[in-house]
Amino acid sequence: MKKFASIKLRDLSNLLAARLSRHIVLWVFASLVVIEAMILIPSVQRREREMLNQIRQVSSGKVFWIATTYPNISAEAFLDRVQQLQKDPMLQILGGAVYTSDGRLVGTFGEKPALNHASVMADNPMSFEATDRPLQNGDRYDASWLIPHTGGNHILVIRHNAASARSEVFAFIFRVTGMVLIISAVLTITTLAVLATTVITPILRLREDLIAAGEAISQDQPTPLFYSAIVKRQDELGDVIAAFNQMFKQIWQAMVERKQAEQALAEANQEISVLNQRLTAENLRMSAELAVSRKLQQMLLPKEHELNQIPGLEIAGFMEPATEVGGDYYDVLNHNGKVKIGIGDVTGHGLESGMVMLMTQTATRTLLANNETDPVKFLNTLNQTIYGNVHRMSCDKSLTLSLLDYQDGQIRLSGQHEEVILVRKDGSIERVDTINLGFPLGLEEDIADFIAHTQIDLNPGDGIVLYTDGITEARNLQKDCYGLERLCETVQRYWYLAVKEVQHAVIQDVQQFIGEQDINDDLTLLVLRQK
């Protein structure tokens, strides 16, 4: 019995201290007060109107008696008759004024009313009782009457003492407010009592169970006896309690399984440590190989002083690999006054792609040194070299490659790669499709039947922009591609600058478009302009 009483006392203490209880009391009480206040305001206004109407009705009876008893007296005499009504304390008259129909003030007595002829006529009175108006302070009340007269209607305005009406309204407010507060308090306490039994106390006990469960899990103790485990409720709170018990069982089972897994993991960690040491050594070896390959690749790219020595052309080149070794290729070679420009893209990137790129550069320079000028033989021989080496490497690499032979303002274009952007001196853009000028290298042993070429004439100020798909297919955070159209617009916008600045502006625009993302493909750009 004492234990039961102790539990009840503790529940009551927790109920009064719970934030949920305070929130419920606050919101229920505030809601009831607001609702009652919404009802009270119109009631107060209605009560005030009733009190003022009583004052007016008493005065109306006296005024009507004077108007019907003395229908032909002058306005001055009528004013004197009305003034005598001031002596009657029941009428609570403080003053008045009489106006003729044309607005002339006949006279006043006592306190002059704030309501005047203009204000009365603005309401367009049609009956005996015209407009009325209580003052803002509530102690005075002005009322007007339309008095028929043979010489023309008069307007009578009387000021009343409305203090008694105001006092009655305040008393009414106090009575209603007290009743509202009492009703709100009773309903709030009743609501809290109902919710305490059905919702709040079970939630508080469930909170204690959660705390006990956390301590048992953190301290690896046996499963405690939960209050919520013995409660059977057929409602949503009962579902929550059942879900809690089920969750704790699952967590406890997971802890047992975790201990078993930790034991197995400890044994595996020893093996992993040995493997990690081996892997670290292997990674260091591969990193060294990749660093060497990247160094070789960078060494074979055309240097700026070589580009400056190309006769008749201003040239600026840029390449940024996506990984340690890129798969993009570009080169500018000058042999016996003949200039050969190449740009290509090996599938993928990494060490294998970098090796194919180096093979392409070496084979291109070799063929040029052997004075091979026929575009079909040049590309087909280059393809056979790449094809044989790729098969020997047992990899599936291939590349697209376009070659440009330049001499005295004329370019012969051959090989399949991205569209070539031809920029005229005035910034106008022409796009040359290379899809029918060749075939990817390394896929077939003989591609002679696919190779063709086209002629491009350059006037002073005209130029060529070459690129790889790493630029046009660069994506931003929204997965949108940079695109060929934007590349052409950027080149056209900055074409008046030097080729190095054009190249810099394009790369800067691409990097700004990509944002803070990692680069997913090699970026290669070559800008040429006829001097």
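This one's a predicted model, so the numbers in the text were calculated from it and none came from an experiment. (Residues numbered from 1 in each chain as written. Predicted model: local features only at pLDDT ≥ 70, side-chain atom pairs only at ≥ 80, totals over all residues. Heavy atoms only, no water.)

Novice: Just to check I follow, could you spell out the overall build of the chain for this structure?
Specialist: Helices and strands together make up the secondary structure of the chain, namely 12 helices and 15 strands. By residue count, 40% of the 531 residues in the chain fall in the buried class. Across the chain, the fraction of contacts at a sequence separation of at least 24, relative to all contacts at a separation of at least 6, is 66%. Total accessible area on the chain stands at roughly 29,600 Å², and carbon and sulfur atoms take up 56% of it. (Helix = DSSP H or I, 4+ residues; strand = E, 2+ residues; numbered from the N terminus. Buried < 20%, exposed > 50% of the residue type's maximum accessible area, 1.4 Å probe, protein only. Contact = heavy atoms within 4.5 Å. Areas by Shrake-Rupley, 256 points an atom, 1.4 Å probe, with all protein chains shown as cover.)

Novice: Just to check I follow, could you spell out the side chain of S402 for this structure?
Specialist: Looking at the secondary structure, you find S402 in strand β9 (residues 399-407). The class of S402 is buried, set by a relative accessible area of 2%. There is a polar contact of 3.0 Å between the side chain of S402 and the backbone oxygen of G415. Beyond its immediate chain neighbours, meaning those up to four positions away, S402 contacts I341, G342, I343, L413, S414, G415, Q416, H417 and T434. (Polar contact = N/O pair within 3.5 Å; in protein donor to acceptor, adjacent residues only side chain to side chain.)

Novice: I'm lost on the pairing of strand β8 (residues 338-346) in this one. Help?
Specialist: Side-chain direction in a regular strand flips from residue to residue, so the side chains alternate between the two faces of the sheet. Summarising burial for β8: eight of the nine residues are buried, a large majority. Of the pairings in the sheet, the one linking strand β7 (residues 328-335) to β8 comprises eight bridges and is antiparallel in character. Bridge pairing links H335 to K338 in β8. Counting the residues in the hairpin turn of β7 and β8 gives two residues, including N336, whose phi is positive at 55°. (Pairing = 2+ DSSP bridges.)

Novice: Got a minute to help me understand the pattern of salt bridges in this structure?
Specialist: Opposite charge on two side chains makes pairing possible when the charged atoms of those side chains draw close. Considering all chains together, one arrives at 10 salt bridges under this definition. With its nearest N and O atoms 3.0 Å apart, the salt bridge here joins R431 to E419. With a gap of 12 residues between them, R431 in strand β12 (residues 429-432) and E419 in the loop between β10 (410-414) and β11 (420-423) connect regions that are remote in the sequence. Using a relative accessible area of 39% as the deciding quantity, one classes R431 as partly exposed. (Salt bridge = Lys/Arg side-chain N within 4 Å of Asp/Glu carboxyl O.)

Novice: Before we go on, may I ask you to explain helix α11 (residues 484-494) in this structure?
Specialist: Because the α-helix completes a turn every 3.6 residues, residues three or four places apart line up on one side. By the burial criterion, the buried members of α11 are L484, L487, C488, T490 and V491. One side of α11 holds all its buried residues, which, seen down the axis, span an arc of 165°. Buried residues along α11 sit against β11, β12, β14 (463-467), α10 (469-472) and α12 (499-514). (Arc of directions from axis to C-beta.)

Novice: Help me out: how do you make sense of the sheet that holds β14 in this one?
Specialist: Paired through backbone hydrogen bonds, the strands of a sheet run either parallel or antiparallel to each other. Read across the open sheet, the five strands follow the order β6-β15-β14-β11-β12; overall the sheet is antiparallel. Since the sheet does not close on itself, it has two edges, and those belong to β6 (313-320) and β12, each with one partner. When strand polarity is set aside, the average angle formed by the axes of neighbouring strands in this sheet is 15°. As paired strands, β11 and β14 are joined by three bridges and run antiparallel to one another. The partner of V423 across the bridge, within β14, is G463. Its contacts with the sheet put α11 on β11, β12 and β14, and the angle it makes with β12 is roughly 140°. In the packing of α12 onto the sheet, contacts are made with β6 and β15 (523-530), and the angle to β6 comes to roughly 25°. (Axes fitted to C-alpha atoms, helices over the stretch in contact; angles between N-to-C directions.)

Novice: Is there a simple way to think about the sheet that holds strand β13 (residues 453-457) in this case?
Specialist: The five strands are arranged β7-β8-β9-β10-β13 in an open sheet whose pairing can be described as antiparallel. If you trace the sheet from one side to the other, it starts and ends with β7 and β13, each paired once. Strand-to-strand twist of the sheet, defined as the mean angle between neighbouring strand axes without regard to direction, takes the value 15°. In the packing of helix α8 (residues 351-369) onto the sheet, contacts are made with β7, β8 and β9, and the angle to β7 comes to roughly 15°. In the packing of helix α9 (residues 375-393) onto the sheet, the strands contacted are β8, β9, β10 and β13, and the crossing angle to β9 comes to about 145°.

Novice: Could you clarify how one ought to interpret the environment of H117 in this entry?
Specialist: Here H117 lies in helix α4 (residues 117-122). Spatially, the C-alpha atom of H117 lies 5.8 Å from that of G103, the residues being 14 residues apart in sequence. Excluding its chain neighbours within four sequence positions, the residues that come into contact with H117 are Y99, T100, S101, D102, G103 and I155.

Novice: Can you help me understand the environment of C395 in this one?
Specialist: The residue C395 is located in the loop between α9 and β9 in this model. The spatial distance from the C-alpha of C395 to the C-alpha of E352 is 8.0 Å, given a sequence separation of 43 residues. Apart from residues no more than four positions distant in its own chain, C395 is found in contact with E352 and V390.

Novice: Just checking my understanding: could you explain the confidence of the model for the chain for this structure?
Specialist: Caution applies to low-pLDDT parts of the model: their predicted coordinates are not meant to be read in detail. On average, residues of the chain score 82 in pLDDT, and 83% of them reach the 70 mark or higher. Under a pLDDT of 50 for its full length, residues 1-5 has, in the predicted model, zero contacts with residues more than four places off or in other chains. (pLDDT = per-residue confidence, 0-100.)

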